Amino acid sequence: MVCGSYVQGNTGLTTPFAKGRRRGIIDGIDVIEFDLDYGNHMGFAQRIGVFAKFAFASIGIALREPADIVFATTTPLTAGIPGIFARWLRRRPFVFEVRDLWPELPKAMGVITNPFVLWLMSVLEWTSYRSADRLVGLSPGIVEGIAARGVNDARIAMVPNGCDLDLFAGTADAWRPEGVRDDQLLAIFTGTHGPANGLDAVLDAAAMLKQHGRDDIRIAFVGQGRDKPALQKRASDQDLENVLFLDPVPKTQLAGLMAGADIGLQVLRNVPAFYYGTSPNKFFDYIAAGLPVLNNYPGWLAQLITENNCGFAVPADDPSAFADALIAAADDRDDLLLKGEQARQLAKTAFARELLAKKWVGWVTGSNGS
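Criteria and cut-off values
Residues numbered from 1 in each chain as written. Predicted model: local features only at pLDDT ≥ 70, side-chain atom pairs only at ≥ 80, totals over all residues. Heavy atoms only, no water. Helix = DSSP H or I, 4+ residues; strand = E, 2+ residues; numbered from the N terminus. Rg over C-alpha atoms; globule rule 2.2 N^0.38 Å. Buried < 20%, exposed > 50% of the residue type's maximum accessible area, 1.4 Å probe, protein only. Contact = heavy atoms within 4.5 Å. Areas by Shrake-Rupley, 256 points an atom, 1.4 Å probe, with all protein chains shown as cover. Pairing = 2+ DSSP bridges. Axes fitted to C-alpha atoms, helices over the stretch in contact; angles between N-to-C directions. Core = buried A, V, L, I, M, F, W, Y, C linked by side-chain atoms within 4.5 Å. Polar contact = N/O pair within 3.5 Å; in protein donor to acceptor, adjacent residues only side chain to side chain. Phe/Tyr/Trp six-rings, centres within 6.5 Å; stacked < 30°, edge-to-face > 60°. Lys NZ or Arg CZ within 6 Å of the ring centre and 35° of its normal.

### Overview of the overall build of the protein
- Looking only at helices and strands, one finds 15 helices and 13 strands in the protein.
- For 370 residues, the compact-globule formula gives about 21 Å, and the C-alpha radius of gyration of the protein, at 21 Å, lands near that figure.
- If you line up the protein on its principal axes, its C-alpha atoms span 65 × 45 × 45 Å.
- Classification of the 370 residues of the protein by burial places 49% in the buried group.
- Excluding contacts between residues fewer than 6 apart, the proportion of contacts in the protein whose partners are at least 24 apart in sequence is 69%.
- Accessible surface for the protein amounts to roughly 17300 Å². Of this, 53% is attributable to carbon and sulfur atoms.

In structure tokens form, the structure reads like this:
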């Protein structure tokens, strides 16, 4: 497994870096880690630089190391470059997992506007898809996006993110942030505080809750990102005492927070490309923990929530509906518990990691008859 470094991550390797890399066996996996720091605080140009360095450093490994299959996973799209080289220069089977559609998502968000850069990314996308023997898409829209580039449906499978039931449905000690009472509804958002998340929508709802005098509802943001300082300033300026900001916590502690919370917030900017083209980790963590989910944009996750009665799907850009959903959750705790049970049932029957792992391995190796 080849990876870079991450501000919040830890590969388990402790030896010093030599010539920009280090290597060791972690849990039976041969890990090569590049000394390439990456974090959500980085600007676009910094990220592109790290992505390019990682891709080109990985080419040599893909061409030299023994391998039966070369597997690459986005984002970014440049992660496919070593797989392309291994496929055509070493004739190794190449499996490409697409977690976000590039350049479609950056273009839709306005992050990348340069026509030449978009063209280069489109060429890389086409080359990656056409080079891969098999492709994995994490959502219905991603699968459709791959097929739209002329890839035969027989080479594409959908395997979404899975639910870690061992961690989130386990016996973690429940806890709540300081100052949140047991009788208050606790809604949590866990993840990146960045432009894609559109977290001002949550503050809009928090302001409405304040207007309604709903002191029985608290919203906690857990994580970091480029937009966090601005969100904190807005909450302070508007005296939104119903909003708390927490530092990132390890997954083991996060499981305890989810056990102590009442509802999870699945929030994204109102960008149509997100509706069917994303597979957010936090949604699957929420339902694994038995948390009902409040989702604020249309698409396949909103449909899942509605069909399985495991939360609330509210219209995009509608702070009144967002606030009303939280009020409904606070006012009918029996129904909220039922939605939580339905969420955990969905996690177990459709998104358990064990089930999806078997599907993934069968698809990648061809042992499922494909």
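Text resumes after the structure shown.
### Some remarks on the sheet that holds strand S6 (residues 134–137)
- Read from one edge of the open sheet, four strands run S4-S5-S6-S7, paired in parallel fashion. Only two strands of the sheet have a single partner each, and these edge strands are strand S4 (70–73) and strand S7 (156–158). Taking the axes of each pair of neighbouring strands and ignoring which way they run, one obtains an average angle of 20 degrees across the sheet.
- Note that S6 and S7 share three bridges and pair parallel. Bridged to glycine 137 within S7 is methionine 158.

### With respect to the nonpolar core
- Residues Leu265, Ile287 and Leu326 are the most contacted members of the largest nonpolar core, which totals 108 residues.
- Looking at this core, the element that brings in the most residues is helix H13 (residues 319–331), giving eight residues.
- Filtering out sequence-adjacent residues up to four positions away, leucine 326 remains in contact with Leu185, Ala187, Leu209, Ile217, Ile219, Ile263, Leu265 and Leu294.

### As for the side chain of serine 128
- Summarising the element assignment, serine 128 is placed in helix H4 (residues 115–131).
- One polar contact links the side chain of serine 128 to the main-chain carbonyl oxygen of leucine 124, over a distance of 2.8 Å.
- Among all residues touching serine 128, those that are not within four sequence positions of it are Gly80, Ile84, Phe94 and Phe96.

### Comments concerning unusual backbone geometry
- Following threonine 74, the chain continues into threonine 75 via a peptide bond in cis, with omega recorded as 0 degrees.
- Structurally, the position occupied by threonine 75 is in the loop between S4 and helix H2 (81–89).
- The residue lysine 19 is not glycine, and still its phi comes out positive at about 55 degrees.
- Its place among the elements puts lysine 19 in the loop between strand S1 (2–3) and strand S2 (21–26).
- On the basis of relative accessible area, lysine 19 is assigned to the exposed category, the value being 87%.
- For aspartate 317, which is not a glycine, the phi torsion comes out positive at approximately 55 degrees.

### Examining the packing of aromatic side chains
- Throughout the structure, instances matching the rule amount to 10 aromatic pairs.
- Ring geometry for phenylalanine 34 versus phenylalanine 54: centroids 5.8 Å apart, planes at 85 degrees, classification edge-to-face. Remark: phenylalanine 54 occurs in helix H1 (residues 44–64) and phenylalanine 34 occurs in strand S3 (residues 29–34); sequence separation between them is 20 residues.
- Here phenylalanine 221 and phenylalanine 245 contribute two aromatic rings whose centre-to-centre distance is 4.9 Å and whose plane-to-plane angle is 10 degrees, an arrangement assigned as stacked. Remark: phenylalanine 245 occurs in strand S10 (residues 243–246) and phenylalanine 221 occurs in strand S9 (residues 217–222); sequence separation between them is 24 residues.
- Connected via pairs of aromatic rings, a cluster forms that spans Phe94, Phe96 and Tyr129.
- Just above the ring of tryptophan 88 sits the side chain of arginine 87; from NZ or CZ to the centre is 4.4 Å.
- The cationic tip of lysine 339 hangs over the ring face of phenylalanine 312; the distance from NZ or CZ to the ring centre is 5.1 Å.

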